[in-house]
Amino acid sequence: MDWLLGTSLVIMMTIGLYSCNQMDPHVFPPTGPFFEGWYMRIMDQHAGVSVGFLFSRVLVNKNDQQHPEHPCIRPSLSPSTMKCPEDFLKVKAEPHLSSEYSPSDYNVSSSIPYHTNAIILINKNTKSKLALEIKYFPVEEYRITQNGRPVTKNPDDATPPHFEARIGQNISFIVRPNGTKFIVSLGNTILRGETDSPVPWGPHGEGPESWIDKLPLPLHWFVYSLRSNVIHYDVRNEAQGIKISGGSKRQKPVIAHMEKNWGASFPKAWIWAQGVDSRTNTSFAISSGLLTELGIDIRAQLSNYRNPNKGINCKFNPTNSVHSLEHDGCTGKVRFHVTGLMCEVIFYMYTRPEYLSDCLTTPHVYGYAPGCVESYNAMANVTVYERHGLHMKYADSYLFTMAALEFGGQYMCHGKCPK
């Protein structure tokens, strides 16, 4: 999106400057492609535990009902191991996939244009691979309401979020201005908890995109909270012997990061990263990759570094900065360098490849498809410079542990999901 640098002033004069809160649900259009999804990550740094979950709904393009590489895959079932009906029994051999499918799920001709899924991610210590559980649901089980009624209008610029999302008996996600309650049950894993009010990206609900979230971009990213306090959380999987709980009630801070995506599709390539230190409340979040518009790949980034103890709050989007990105999904290394008018920040991020998860499915115009791998055991070394007169001078450096680092699409090792 560097092309926006040359046109931002014209657009600002046309639509004005906006501060908005996009955490509330959008009204689904009558035709696709369109998706919407929410994500939360809980960081219990005293226990060395990190747990995340996400859920989404996809409305596929009726003219593109099949995965481009695997024509036998229904949009709602797109793990790379599933290719044709005769491979149905292979699903049960994949430990990271839900086995609650029937052979009729492979009937492409009867494909329903609405789909939804949910994923739990668990890192029970700082030296382990990120484990995950995926489940798919019929759209009839997916319900989002505001004050008990169906969603009838898109989020506005002033109203704080207030909604409830439920998927059957498996997901309950209740967002209020003063906190969020959640219950997630997938397979043998149950996660439940509660947070207090959000710590936003910017004032008045401003998100990473600032005013450019009003543009018709193919993908939008909104960070609702950089570090909400977790009042309590509990995750259990009796089959795997997992019994973990914590929260502020135990006098040890636990932090939650919350965000949302919506648009036509995930991009063809991306890096996403996030970290926070519960001792100092220093945090960062990054999304950088390739957006495709009119057949042209556009380099894009949205990022933030905040250290409240030093009064540092650097926010970058394509209209106020330039950036460079170097990445190697095979070695787990990323270098991200972004420069704005008042701040310059360099991020060196690394995770051991064996800590990366199996492939997560992500929304696309044809439904869900294998899309990315992620670690909750990354390290991020950050150096910050601030402007003093005509020059940038050193202002801060920080080492984050237990950071999240995600390689998506063509930025995965060899540009594809690991086998």
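Scroll up to find the structure this text is about.
Since the structure is predicted, the reported quantities are computational estimates derived from the model, not experimental observations.

What counts as what
- Residues numbered from 1 in each chain as written.
- Predicted model: local features only at pLDDT ≥ 70, side-chain atom pairs only at ≥ 80, totals over all residues.
- Heavy atoms only, no water.
- Phe/Tyr/Trp six-rings, centres within 6.5 Å; stacked < 30°, edge-to-face > 60°.
- Buried < 20%, exposed > 50% of the residue type's maximum accessible area, 1.4 Å probe, protein only.
- Lys NZ or Arg CZ within 6 Å of the ring centre and 35° of its normal.
- Disulfide = S-S within 2.5 Å.
- Helix = DSSP H or I, 4+ residues; strand = E, 2+ residues; numbered from the N terminus.
- Polar contact = N/O pair within 3.5 Å; in protein donor to acceptor, adjacent residues only side chain to side chain.
- Contact = heavy atoms within 4.5 Å.
- Salt bridge = Lys/Arg side-chain N within 4 Å of Asp/Glu carboxyl O.

A.B. asks: Would you mind showing me how to read the packing of aromatic side chains here?
C.D. replies: Taken as a whole and judged by the stated rule, the model has 18 aromatic pairs. Ring centres 5.2 Å apart and planes at 80° place the aromatic pair Phe266 and Trp270 in the edge-to-face group. With respect to class, Phe266 is no different from Trp270; both count as buried. Geometrically, the ring pair formed by Tyr385 and Tyr394 is edge-to-face, given 6.3 Å between the ring centres and 80° between the ring planes. Relative accessible area serves as the criterion here: at 25%, Tyr385 is assigned to the partly exposed category. Aromatic ring contacts, followed pair by pair, group Trp38, Phe53, Phe55, Phe163, Phe173 and Phe182 into a single cluster. Positioned above the aromatic ring of Trp262, the side-chain terminus of Lys260 is 5.0 Å from the ring centre.

A.B. asks: Could you clarify how one ought to interpret the state of the cysteines in this entry?
C.D. replies: Every disulfide links exactly two cysteines, by a covalent bond between their sulfur atoms. A complete count under the given rule lists three disulfides for this structure. Sulfur-sulfur distance for the disulfide between Cys314 and Cys343 comes to 2.3 Å. Disulfide Cys314-Cys343: torsion about the S-S bond near -75°, hence left-handed. Taken together, the positions of Cys314 in strand S17 (residues 312-316) and Cys343 in strand S20 (residues 343-350) put the pair 29 residues apart, joining distant regions of the chain. Residue class for Cys314 comes out buried when judged on its relative accessible area of 1%. Taking relative accessible area as the criterion, Cys343 reaches 9% and is therefore assigned buried.

A.B. asks: Just checking my understanding: could you explain the side chain of Lys260 for this structure?
C.D. replies: Secondary-structure assignment places Lys260 in strand S13 (residues 255-263). A polar atom in the side chain of Lys260 sits 2.4 Å from the backbone oxygen of Asp24. In terms of polar contacts, Lys260 uses its side chain to reach the side chain of Glu36, at 2.9 Å. In this structure Lys260 touches Gln22, Met23, Asp24, Pro25, His26, Glu36, Gly37, Trp38, His220, Trp221 and Phe222, once residues within four positions along its chain are discounted.

A.B. asks: Just to check I follow, could you spell out the pattern of salt bridges for this structure?
C.D. replies: Here the idea is simple: oppositely charged side chains can pair when their charged atoms come close. Taken as a whole and assessed by the stated rule, the structure comprises twelve salt bridges. The salt bridge involving Asp277 is made with Arg279; its shortest N-O contact spans 2.7 Å. We classify Asp277 as buried; its relative accessible area is 6%. We classify Arg279 as exposed; its relative accessible area is 67%.

A.B. asks: I keep staring at the side chain of Ser321 and nothing clicks. Help me out?
C.D. replies: You can see Ser321 is positioned in strand S18 (residues 321-328). Side chain to side chain, Ser321 and Gln301 meet in a polar contact 2.8 Å long.

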